[in-house]
Amino acid sequence: MDAAAPPELQRAGAFGAFPGPTESLYRQWALKRAWPANRVVLWISILVWASQPVVQPHLLELHGSASPREWLLCCGVSVPILLITALFGGRHLHIWVAPAVLTVTTIEALVAIDWLEAPNTPTLMVSTTLLFLYLAPVLQFPFRSTAFVLLVTVPISVWWATVIADDDGTLNGTLNFELWLLGAGSLFALAMSLVIENNSRRRFVDEQVIARQQEELIRTRALIRRYAPPAVADRIEHGDSTVGTAQRLRVTIFFADVVGFTTLADRLDPEALAEIMNDYLGSVAEIIERHLGTLNEFAGDGVMAIFGAPDELQPRDQVLAAVRAARELQASLPEWSQRWYSLGIDQDLQARIGINTGVVSVGTFGSTVRATYTGIGLQTNIAARIQAQCNPGSVLLSNTSWHLVSDTVTCHPRGEVDVKGVHFPIAMYEPVAGPVAKS
């Protein structure tokens, strides 16, 4: 038993099978692996049996042609059985069908040889049985199937050889050797089948364990990405510890808030509110991430995003990306609102968006129990204050952000705002409609 495997993949000893459904799954897996070689042998066997009534008399230097019963045995029994197995065995038949069919055809070969009454019948008979016994491990027949073959074919072969060849009651040297070879080959085939099946079952367990570990890893990654931005999740998955350490970085902070949503939410059913919020926040996250930003905080209907961390961007490119994301968000809100009319929304929603660029502490903040990746500092407060000064449906840039893109984005001055902790007023600018240059 493998202590590392879960209980449903444990076997009761070397000869044991897996519990219930796992054994059925293993048989399908083993059949899929062994079937290509089995199918080749089956098709070769079909050709051999179909041609045997014509070829065998010449090979044995017999006069005349095959008898009707030989034609019936070869083409009326063996070929149809093998043909059905070759065509449907890989999809509809169990793993033991191919060994069983070949066992039947082996016995039929013995009968056919006896019908021919050839002088070298014992040699042909023992050779035919040995050929099958050596095919069993090569074709990865199950141990039980191989044991079944031994219990059926070997006693028949020994009895047939002694009855037909030992007319005077004294075994000759040649027959003694053939019977010894048959016994040794049988034990060898049985041992090989046991070793091969045990190795096959161990490989099956390994593959199942690896598959389950991969599924668990996928679920873990999905869970991480649900609670952490994709850029942060990628670094966590690759062992990058920089996201866990606070760094002083020059970034662009993006704040967005839906106007009047709190009042509107009081009139909505909880289920409708949850559906609208999940739809809205998911759509905003897609927009932010598409423009290379990192959405790191939800506060009701408000969102905060950072451009320039953890994925680095030049300050000018940060602002351009933030402006493009802001415009797409504003343009999308009317369309989203129409989707929500049936849930209780009675007007097109509008958002206020503030953008500021500056140096903040960016990293993972919190405790060992719960933490979040965000930016903290005075520049974050400035972005939030600017957002609060926006008119519904507008976007405002701080003086710092505007200077970085003033040659590319046309803006109108929109006054100044005082921010606690800043000893001078912050000038604000509103981008006007028009294309924004690519970063």
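This one's a predicted model, so the numbers in the text were calculated from it and none came from an experiment.

Secondary structure summary: the protein contains twelve helices and eight strands in total. Taking all 439 residues of the protein together, the buried fraction comes to 44%. Contacts spanning at least 24 positions in sequence make up 71% of the contacts within the protein whose residues lie at least 6 apart.

The next point concerns the environment of D317. Mapped onto the elements of the fold, D317 is located in helix α10 (residues 315–340). The spacing of D317 and L292 is 25 residues in sequence and 10.0 Å in space, taken between C-alpha atoms.

Another aspect to go through is α10. Its 26 residues place the ends of α10 36 Å apart at the C-alpha level, agreeing with the 38 Å of an ideal helix rising 1.5 Å per residue. Residue L333 marks the point of greatest curvature in α10, where the axis turns by about 35°; the proline P334 follows within four residues.

What follows covers the nonpolar core. One finds F254, Y280, L329 and I355 to be the most contacted residues of the largest nonpolar core, which totals 43 residues. Looking at this core, the element that brings in the most residues is α10, giving eleven residues. What L329 contacts, discounting residues up to four positions off in sequence, is F254, A256, Y280, V284, I287, W336 and I353. Membership of the second largest hydrophobic core comes to twelve residues, among which are V232, V251, I253 and A309.

A word on the pairing of strand β3 (residues 302–307). With six of six residues buried, β3 lies mostly within the body of the structure. Every second residue of β3 is oriented toward a common face, with G302, M304 and I306 on one face and V303, A305 and F307 on the other, all of them buried. The pairing of strand β1 (residues 247–258) with β3 spans five bridges and is classified as antiparallel. Within the sheet, the bridge partner assigned to F254 lies in β3 and is A305. Sheet topology note: the strand β2 (residues 293–299)/β3 ladder contains six bridges and is antiparallel. Bridge pairing links F298 to V303 in β3.

Here we take up the environment of R414. Mapped onto the elements of the fold, R414 is located in strand β7 (residues 411–417). Residues R414 and Q389 lie 25 residues apart in sequence; the distance between their C-alpha atoms is 9.5 Å. With near-sequence residues (within four places) excluded, R414 lies in contact with L396, M428, Y429 and E430. In this structure the side chain of R414 is engaged in a polar contact, spanning 2.8 Å, whose partner is the side chain of E430.

This brings us to a nonpolar patch on the surface. Taken together, W43, L83, I84, L87 and F88 make up a surface patch of nonpolar side chains, about 440 Å² in accessible area. For the nonpolar patch, the element with the highest residue contribution is helix α2 (residues 68–92), accounting for four residues. Assignment of secondary structure puts L87 in helix α2.

Residues A309 and P310 are joined by a peptide bond in cis, for which omega reads -5°. By secondary structure assignment, the location of P310 is in the loop between β3 and α10. Phi is positive for L292, close to 70°, though the residue is something other than glycine. Following the sequence through the fold, L292 ends up in the loop between α9 (270–290) and β2.

So, about the packing of aromatic side chains. Following the criterion strictly, the structure yields ten aromatic pairs and no others. Relative to F204, the ring of F18 has its centre 5.5 Å away and its plane inclined at 50°; by these criteria the two rings are tilted. Remark: F204 occurs in helix α6 (residues 173–227) and F18 occurs in the segment before α1 (20–59); sequence separation between them is 186 residues. By the burial criterion, F18 is buried, and F204 matches it. Summarising the aromatic geometry, the rings of Y26 and W29 are spaced 5.9 Å apart at their centres and angled 35° between planes, so their arrangement reads as tilted.

The next thing to look at is the confidence of the model for the protein. Mean pLDDT over the protein stands at 78; residues scoring 70 or higher make up 73%. Looking at the elements of the protein, mean pLDDT is at its lowest for helix α3 (residues 97–116), recorded as 58, and at its highest for strand β6 (residues 395–398), recorded as 95.

As a further point, take α9. The terminal C-alpha atoms of α9 lie 30 Å apart, and with 21 residues this matches the ideal 30 Å at 1.5 Å per residue to within 8%. Considered for burial, the residues of α9 that qualify are A272, I276, M277, Y280, L281, S283, V284, A285, I287 and I288. Buried-residue contacts for α9 involve β1, α8 (261–265), β2, β3 and α10. Once α9 finishes, L292 follows within two positions and takes phi at roughly 70°, a positive value.

Under the definition given, this model contains eight salt bridges. The salt bridge partner of R201 is E23, with a shortest N-O separation of 3.0 Å. Of this pair, R201 sits in helix α6 while E23 sits in helix α1, and the two are 178 residues apart along the sequence. Comparing R201 with E23, the two get one shared label, buried. Among the charged side chains, a salt-bridge network with shared partners connects E23, R27, E197 and R201.

Below, the discussion takes up the packing of α9 against α10. Close contact between α9 and α10 brings their axes to 11 Å; oriented N to C, the two are set at 155°. Of the possible angle classes, the one that applies to α9 and α10 is roughly antiparallel. Helix-helix and strand crossings are classified by hand; for α9 and α10 the assignment is right-handed. Along its contact with α9, which presents I276, D279, Y280, S283, V284, I287, I288 and R290, the element α10 presents A325, E328, L329, S332, L333, W336, R339 and W340. Each residue belonging to the contact of α9 with α10 can be placed in one class, and the counts come to ten nonpolar, two polar and four charged.

Conventions we followed
- Residues numbered from 1 in each chain as written.
- Predicted model: local features only at pLDDT ≥ 70, side-chain atom pairs only at ≥ 80, totals over all residues.
- Heavy atoms only, no water.
- Helix = DSSP H or I, 4+ residues; strand = E, 2+ residues; numbered from the N terminus.
- Buried < 20%, exposed > 50% of the residue type's maximum accessible area, 1.4 Å probe, protein only.
- Contact = heavy atoms within 4.5 Å.
- Expected span 1.5 Å × (residues − 1).
- Bend = angle between axes of the 7 residues up to and from the residue.
- Core = buried A, V, L, I, M, F, W, Y, C linked by side-chain atoms within 4.5 Å.
- Pairing = 2+ DSSP bridges.
- Polar contact = N/O pair within 3.5 Å; in protein donor to acceptor, adjacent residues only side chain to side chain.
- Patch = residues over 30% accessible without salt bridge, like charges linked within 9 Å, V, L, I, M, F, W, Y side chains within 5 Å.
- Areas by Shrake-Rupley, 256 points an atom, 1.4 Å probe, with all protein chains shown as cover.
- Salt bridge = Lys/Arg side-chain N within 4 Å of Asp/Glu carboxyl O.
- Phe/Tyr/Trp six-rings, centres within 6.5 Å; stacked < 30°, edge-to-face > 60°.
- pLDDT = per-residue confidence, 0-100.
- Axes fitted to C-alpha atoms, helices over the stretch in contact; angles between N-to-C directions.
- Parallel < 35°, antiparallel > 145°, perpendicular 65-115°, else oblique.
- Left-handed = near helix turned anticlockwise from the far one by under 90°.
- Nonpolar A, V, L, I, M, F, W, Y, C, P; charged D, E, K, R; others polar.

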